[in-house]
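Coordinate inspection notes
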Amino acid sequence: MMTIENTELTKYTFSGHDSFHCRQLWLKKGYDFVKQGKSFNDEYSVVLLGVGKNMVSSIRYWLKAFNVIDNKDNLTEFGKRIFDDDIGYDPFLEDEASIWLLHYQLVKSKFSSIYHIIFNEFRKEKMFFNKETFVNYIKRISDINPDLNVNENTVSKDFEVFINLYKSGSEIKELEDNFSGILSEIEILRSLPKEKGAPDHYYIENNLQDNLPNEIVLYAILDNPSYGNSISLNALEFNINSPGSIFALNRSGLLNKISEIVDDNKDIIFTDHAGIKELQFKNKPKPYTILDKYYAK
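What comes next concerns the included structure. Being a predicted model, the structure only gives us computed values, none of them experimental.

1. Overview of the overall build of the protein chain
Across its full length, the protein chain holds 13 helices and eight strands. In terms of overall dimensions, the protein chain is globule-like: its C-alpha atoms have a radius of gyration of 20 Å, near the 19 Å expected for 297 residues. Taking the principal axes of its C-alpha atoms as reference, the protein chain extends roughly 60 × 45 × 40 Å. Across the 297 residues that make up the protein chain, the buried fraction comes to 51%. Carbon and sulfur atoms make up 46% of the accessible area of the protein chain, which amounts to about 14300 Å² in all. Measuring between centres, the 35 positive side-chain charges of the protein chain sit 2 Å from its 44 negative side-chain charges.

Here it is in structure tokens:
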């Protein structure tokens with residue numbers, strides 16, 4: 001696993017997945033494995049998980065990246081609330097909202113840095129991109145700080161895993177063992193029509209995101225420690241880990257979600273005074289109360 005630090009002492013980690021993107025059932029399988037008190041270091045883990053040795057370490061990696069387990073392999077509150085058979089909201093990920101939640105956790109957690117970088121920074125500079133432009137972007141970061149040691153091959157492989165994790169439907173080509181990535185369903189990543197002999201180019205376009213429930217947006221707002229009781233529309237659209245950044249919402253889409261949030265919650269209002277637009281909480285709920293209500297529907 002390669003780790004670098006930028007000039008602001010932000011820790012970057014690339015690789016660790018053994019070039020396997022997270023498959024549809026891996027997180028549930030891994031959650032149950034940990035809940036049963038099993039260890040990934042156990043020689044029988046390959047039998048219990050039903051995968052090869054390299055895939056065992058990959059499953060462990062993705063459980064951490066999606067905030068299902070912590071760095072000590074303990075189950076997180078988020079992991080329990082989604083995947084537990086007794087108390088979990090959606091153990092088998094049957095609701096698309098759960099996929100959006102996993103996407104949010106992946107970007108926010110920063111355990112796998114590429115997702116945080118792409119959604120919060122890189123795509124705002126490069127609307128259309130490919131593997132080469134991303135690797136060059138990371139090289140530029142390392143050029144600013146000579147203490148950084150970037151392995152281009154490692155970053156390149158990380159980008160390929162990112163593509164396979166999100167590539168969806170008609171976007172999917174011949175992925176290894178034909179298993180689509182766990183985040184393919186939200187269809188947030190698109191590819192440009194390919195010209196003969198040219199490399200694949202991709203884009204993540206901010207749009208209305210009609211399939212994104214407003215409760216997931218509200219949960220992400222409440223879960224963000226940088227937001228207080230009054231949040232500007234610009235902060236909701238452009239800040240690091242904002243709904244606009246993570247969920248690729250354009251302003252119209254964000255305003256649509258806010259309108260639905262305000263209609264559904266009497267203690268939340270949206271104000272527009274002298275051109276200053278703010279979402280305000282009269283009584284700020286706990287993040288998980290929003291998900292409790294959504295999944296109880």
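2. Description of the pairing of strand β7 (residues 268-273)
Here six bridges tie β7 to strand β8 (residues 276-281), and the two strands are oriented antiparallel to one another. If you follow D272 over to β8, its bridge partner there is K277.

3. Here's the deal with the environment of N136
The topology assignment puts N136 in helix α7 (residues 131-144). A relative accessible area of 33% places N136 in the partly exposed class. Considering only alpha carbons, one finds N136 and H273, 137 residues apart in sequence, at a separation of 43 Å.

4. As for the sheet that holds strand β5 (residues 202-203)
Where strands meet in a sheet, backbone hydrogen bonds hold them as pairs that are either parallel or antiparallel. Read across the open sheet, the three strands follow the order β3-β5-β4; overall the sheet is antiparallel. Two strands in the sheet have a free side with no partner beyond their single neighbour: β3 (128-129) and β4 (190-191).

5. Here we look at the nonpolar core
Note that soluble globular proteins tend to have their nonpolar side chains buried in a common cluster. By size, the foremost hydrophobic cluster in this structure holds 91 residues, and its most contacted members are W62, F66, F162 and Y166. The element that contributes the greatest number of residues to this core is helix α5 (residues 96-109), accounting for eight residues. Setting aside anything within four residues of it in sequence, one finds Y166 in contact with H103, L106, V107, Y115, F119, L183, S184, I186, I188 and L189.

6. With respect to the side chain of E237
With respect to the secondary-structure elements, E237 resides in helix α10 (residues 233-238). Non-local contacts of E237, meaning those with residues more than four positions away in its chain, are made with S242, G244, S245, N250, R251 and L254.

7. Description of the pattern of salt bridges
Note that side chains of opposite charge can pair when their charged atoms are close. Applying the stated criterion across every chain, the model contains 17 salt bridges. Taking the shortest distance from any N to any O, the salt bridge between R251 and E237 comes out at 2.7 Å. Of the two residues, R251 sits in helix α12 (residues 251-264) while E237 sits in helix α10, which places them 14 residues apart along the sequence. Several salt bridges share partner residues, and in doing so they unite K28, D32 and D85 into one network.

8. So, the sheet that holds strand β6 (residues 230-232)
Strand order in this open sheet of three strands is β6-β8-β7, and the pairing throughout is antiparallel. Across the chains shown, the open sheet's two edge strands, defined by having one partner strand only, are β6 and β7. Put simply, the sheet's adjacent strands are angled 25° from each other on average, direction ignored. Taken strand by strand, helix α9 (residues 214-223) contacts β6, β7 and β8, and its axis lies near 85° from that of β8.

9. A word on helix α3 (residues 53-65)
Relative to the 18 Å expected for 13 residues at 1.5 Å per residue, α3 spans 19 Å between its end C-alpha atoms, a close match to the ideal helical length. When α3 is considered as a whole, its buried residues turn out to be M55, V56, S58, I59, Y61, W62, L63, K64 and A65. Residue N67 follows α3 closely and has a positive phi angle near 60°.

Scoring rules and cut-offs
Residues numbered from 1 in each chain as written. Predicted model: local features only at pLDDT ≥ 70, side-chain atom pairs only at ≥ 80, totals over all residues. Heavy atoms only, no water. Helix = DSSP H or I, 4+ residues; strand = E, 2+ residues; numbered from the N terminus. Rg over C-alpha atoms; globule rule 2.2 N^0.38 Å. Buried < 20%, exposed > 50% of the residue type's maximum accessible area, 1.4 Å probe, protein only. Areas by Shrake-Rupley, 256 points an atom, 1.4 Å probe, with all protein chains shown as cover. Lys, Arg positive; Asp, Glu negative; His and termini not counted. Charge placed at Lys NZ, Arg CZ, Asp CG, Glu CD. Pairing = 2+ DSSP bridges. Core = buried A, V, L, I, M, F, W, Y, C linked by side-chain atoms within 4.5 Å. Contact = heavy atoms within 4.5 Å. Salt bridge = Lys/Arg side-chain N within 4 Å of Asp/Glu carboxyl O. Axes fitted to C-alpha atoms, helices over the stretch in contact; angles between N-to-C directions. Expected span 1.5 Å × (residues − 1).

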